[in-house]
Amino acid sequence: MTYTCTPSSLFTSFPLRHRPPPSPPRPSSAIFRSINRIPSHTLRLSALPIFSGGGRNNNNNNGGGGSWGNPSDSSDSDSNPNSNSNHTLFLSLLCSSAICFSCHLLLVKASKAKTLSESVWEVKGGKWTKLVPDHANDVFVSSQHGLFSELSSLTPSRFPSFMWFKCRDILKRLMLPEGFPQSVTSDYLEYSLWRGVQGVACQISGVLATQSLLYAVGLGKGAIPTAAAINWVLKDGIGYLSKIMLSNFGRHFDVHPKGWRLFADLLENAAFGLEMCTPAFPQFFLFIGAVAGASRSAASLIQASTRSCFFAGFAAQRNFAEVIAKGEVQGMASRFIGIGLGIGLGNCIGSSTPLVLASFSVMTFIHMYCNLKSYQSIQLRTLNPYRASLVFSEYLLSGQAPSVKEVNDEEPLFPAVPILNATFANKAQSIVLSSRAKDAAAELESRLQLGSKLSEIVNSKEDVVALFGLYKNEGYILSEHMGKFCVVLKENCSQQDMLKALFQVNYLYWLEKNAGIGGKGTLNDSKPGGRLHISLDYAEREFNHVKNDGESVGWVTDGLIARPLPNRIREGNTASSD
């Protein structure tokens with residue numbers, strides 16, 4: 001005999017009672033007959049324990065409790081005095097669910113209406129396209145119509161402005177980087193405009209020069225084409241040698257790219273002028289053509305080498321490849337226009353050498369002026385010895401790092417040729433940079449020697465020990481020798497170490513000019529209280545501060561862009577590598 005406690009309802013419980021043993025299993029046919037006899041109206045919610053008033057056991061459909069689909073329980077439920085309250089509870093829950101569902105639908109509809117009332121835009125690069133909802137397909141589509149539908153809806157008075165807008169949009173997408181002007185720096189547009197004009201002038205000169213060369217070889221007078229072709233190949237072949245020879249100077253292009261690029265433009269124009277003189281001296285065609293070809297080859301090498309320096313500075317969003325691609329497109333467009341104008345001008349001039357030279361002089365002036373303006377508009381953010389010295393000198397004098405534009409406007413294009421610097425100087429005078437900082441930067445660049453040999457600046461073993469002890473934690477050794485600031489580079493010296501060395505050089509110069517602390521020999525200067533020791537302590541304290549100030553105004557302070565001498569030393573000896 002077994003006693004169990006079985007809750008038959010969620011809200012009621014019954015006391016322990018005797019449960020009879022289960023009846024023996026009936027045949028399957030009886031089971032099916034029992035199921036078939038169940039009427040459809042017996043599956044009511046009142047039969048569920050939660051809605052029934054009794055708490056009877058429903059196991060095995062015995063008479064001890066209400067069960068699902070038991071006909072004998074139906075009348076009992078209907079006769080239950082609590083059934084009305086159960087029905088009321090059910091109806092209340094049903095109505096509450098319906099009201100909540102309706103409120104939810106209203107909220108969703110209101111939220112959807114609010115969302116669709118706001119403007120939705122698709123941003124692709126620098127182009128913004130307004131999107132509107134398409135309720136039929138449940139998507140957002142462009143609010144702009146197709147070209148033909150827009151044309152059909154235009155009035156004749158609006159047609160010119162519409163075509164101008166479309167052409168401008170197409171040219172902008174073809175000629176400028178995606179996302180312009182946010183994707184490039186502020187000086188990119190000015191540089192590109194000046195480069196476009198100079199490209200047209202350069203191509204006109206090229207057409208006139210080619211025409212003169214053809215006249216010089218007699219192509220217009222019935223000369224044999226084979227002889228002309230041989231002379232042409234020899235002219236170009238000799239000119240290619242200049243690229244091989246000039247490649248040894250490639251390490252200087254990164255330091256002063258503006259000056260080298262302007263020098264390349266001068267070479268290119270000189271080559272055009274020589275080629276235009278060939279009709280007057282046809283017997284010297286091969287010599288003149290070879291010299292001109294060598295000049296043009298050298299110019300093309302310098303232009304290709306320095307172009308990457310400019311484009312790297314323009315890529316404000318690391319879109320370096322796209323900026324180069326758009327630059328090529330701009331160059332092709334300029335050449336295309338220049339070829340057309342050059343052909344027209346060549347037909348008007350003919351074979352007259354004076355008229356060719358006169359036209360060439362005008363085109364050369366336009367070409368060089370546009371090049372000069374384009375290079376002056378470039379704002380290089382890297383630090384070469386001059387720019388770094390100007391930034392550091394101004395920091396030491398005023399406590400603030402100057403802006404990128406101020407320093408670039410002051411930097412000379414030809415540091416080694418002062419006469420040309422005065423000729424091509426930017427007329428706008430800086431109101432931020434002091435004259436003392438400018439003089440210091442110019443003098444420091446001439447006195448700085450990166451990659452010096454240790455054997456040339458020390459005179460005794462004591463000097464070597466003192467210098468190695470002072471700079472044991474640095475990647476360089478700095479000392480002054482015969483008026484020059486000599487920086488000996490260790491084997492593991494990095495661009496960052498060279499930038500720090502230059503900062504120490506600037507402070508040494510400041511001590512010399514403003515504090516009157518001169519040199520007393522390498523040994524004494526390396527001791528505590530000596531100017532080498534003082535300047536190194538200052539550099540260690542302030543170098544990170546000046547770097548952070550420079551970065552805050554746009555400078556790239558990850559290292560010094562310089563091409564030092566190839567001498568290096570290793571700890572423990574003074575050997576140098578060539």
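To be clear, the structure that these remarks concern was listed above.
Reference entry: report on the structure contained in this document. Keep in mind that this is a model prediction, so the values were computed, not measured.

Quick look at the overall build of the protein chain
Along the backbone of the protein chain there are 20 helices and eight strands. Considering the protein chain as a whole, with its 578 residues, one finds that 38% of them fall into the buried category. Within the protein chain, residue pairs in contact and separated by at least 24 positions form 71% of the contacts whose partners lie at least 6 positions apart. Looking at the protein chain as shown, the accessible area adds up to about 32,600 Å², and 62% of this sits on carbon and sulfur atoms.

Examining the pattern of salt bridges
Tallying each qualifying case throughout the model produces 13 salt bridges. Across the salt bridge formed by Lys438 and Glu410, the nearest N and O atoms sit 3.5 Å from each other. With Lys438 in helix α15 (residues 435-447) and Glu410 in helix α13 (residues 404-410), the pair connects residues that are 28 residues apart, well separated along the chain. Owing to a relative accessible area of 23%, Glu410 belongs among the partly exposed residues under this scheme. The partner of Glu512 in a salt bridge is Arg531, and the shortest N-O contact between them spans 3.9 Å.

Here we look at the packing of α15 against helix α18 (residues 495-515)
Packing of α15 against α18 brings their axes to within 11 Å, and their N-to-C directions diverge by 120°. Our classification of the angle between α15 and α18 gives oblique. Classified by chirality, the crossing of α18 by α15 is right-handed. The residues of α18 that touch α15, namely those facing Arg436, Ala440, Glu443, Leu444 and Arg447, are Val505, Asn506, Tyr509, Glu512, Lys513 and Asn514.

Focus: the nonpolar core
Residues Tyr471, Val487 and Phe503 are the most contacted members of the largest nonpolar core, which totals 55 residues. Considering each element in turn, this core owes the most residues, ten residues, to α18. In contact with Tyr471, other than residues within four places in its own chain, are Tyr476, Ile477, Leu478, Lys490, Gln504, Leu532 and Leu536. Counting residues in each nonpolar core, the second largest holds 19 residues, with Leu176, Phe310, Leu372 and Leu380 among its members.

What to know about the environment of Arg381
If you trace the backbone, Arg381 turns up in the loop between α11 (353-377) and α12 (385-398). Spatially, the C-alpha atom of Arg381 lies 6.7 Å from that of Gly313, the residues being 68 residues apart in sequence. Those residues in contact with Arg381 that lie beyond four places of it in its chain are Thr185, Asp187, Gly313, Val404, Gly554, Trp555 and Val556.

Describing the packing of aromatic side chains
Considering all chains together, one arrives at 15 aromatic pairs under this definition. Each ring, one from Trp194 and one from Tyr369, has its centre 5.8 Å from the other, and the planes form 80°; the classification is edge-to-face. In this pair, Trp194 is assigned in helix α6 (residues 188-216) and Tyr369 in helix α11, connecting sequence segments 175 residues apart. Counting every residue linked through ring pairs, the aromatic cluster contains Tyr188, Tyr191, Phe310, Phe311, Phe314 and Tyr375.

Some words on the pairing of strand β7 (residues 476-481)
The pairing of β7 with strand β8 (residues 484-489) spans six bridges and is antiparallel. Note on β8: the bridge partner recorded for Leu478 is Val487. The antiparallel hairpin formed by β7 and β8 contains two residues in its connecting segment, where Met482 sits at a positive phi of about 55°.

Quick notes on the environment of Met276
As for its placement among the helices and strands, Met276 is situated in helix α8 (residues 257-276). The spatial distance from the C-alpha of Met276 to the C-alpha of Phe360 is 8.6 Å, given a sequence separation of 84 residues.

A few points about the environment of Glu474
Inspection of the secondary structure puts Glu474 in the loop between α17 (461-470) and β7. Not counting chain neighbours up to four residues away, the residues in contact with Glu474 comprise Lys490, Lys500, Leu536 and Glu540.

Comments concerning a nonpolar patch on the surface
Residues Leu274, Phe281, Phe284, Phe287 and Val291 make up a contiguous nonpolar surface patch of roughly 470 Å² in combined accessible area. With respect to the element layout, Phe284 can be found in the loop between α8 and α9 (285-314). We classify Phe284 as partly exposed; its relative accessible area is 44%.

Some details on the side chain of Asn269
Of note, Asn269 is situated in helix α8. Judged by relative accessible area, which is 6%, Asn269 ranks as buried. Discounting chain neighbours no more than four positions away, the residues touching Asn269 are Phe360, Thr364, His367 and Met368.

Remarks on the sheet that holds β8
The strand order β6-β8-β7 describes an open sheet built from three strands, whose pairing is mixed. The sheet is open, and its two borders are formed by β6 (448-450) and β7, each paired with just one other strand. Across the sheet, the mean angle from the axis of one strand to that of its neighbour is 20°, orientation sign disregarded. Against the sheet, α18 makes contact with β6, β7 and β8, and its axis sits at roughly 30° relative to β7, the strand it touches most.

Rules of the game
Residues numbered from 1 in each chain as written. Predicted model: local features only at pLDDT ≥ 70, side-chain atom pairs only at ≥ 80, totals over all residues. Heavy atoms only, no water. Helix = DSSP H or I, 4+ residues; strand = E, 2+ residues; numbered from the N terminus. Buried < 20%, exposed > 50% of the residue type's maximum accessible area, 1.4 Å probe, protein only. Contact = heavy atoms within 4.5 Å. Areas by Shrake-Rupley, 256 points an atom, 1.4 Å probe, with all protein chains shown as cover. Salt bridge = Lys/Arg side-chain N within 4 Å of Asp/Glu carboxyl O. Axes fitted to C-alpha atoms, helices over the stretch in contact; angles between N-to-C directions. Parallel < 35°, antiparallel > 145°, perpendicular 65-115°, else oblique. Left-handed = near helix turned anticlockwise from the far one by under 90°. Core = buried A, V, L, I, M, F, W, Y, C linked by side-chain atoms within 4.5 Å. Phe/Tyr/Trp six-rings, centres within 6.5 Å; stacked < 30°, edge-to-face > 60°. Pairing = 2+ DSSP bridges. Patch = residues over 30% accessible without salt bridge, like charges linked within 9 Å, V, L, I, M, F, W, Y side chains within 5 Å.

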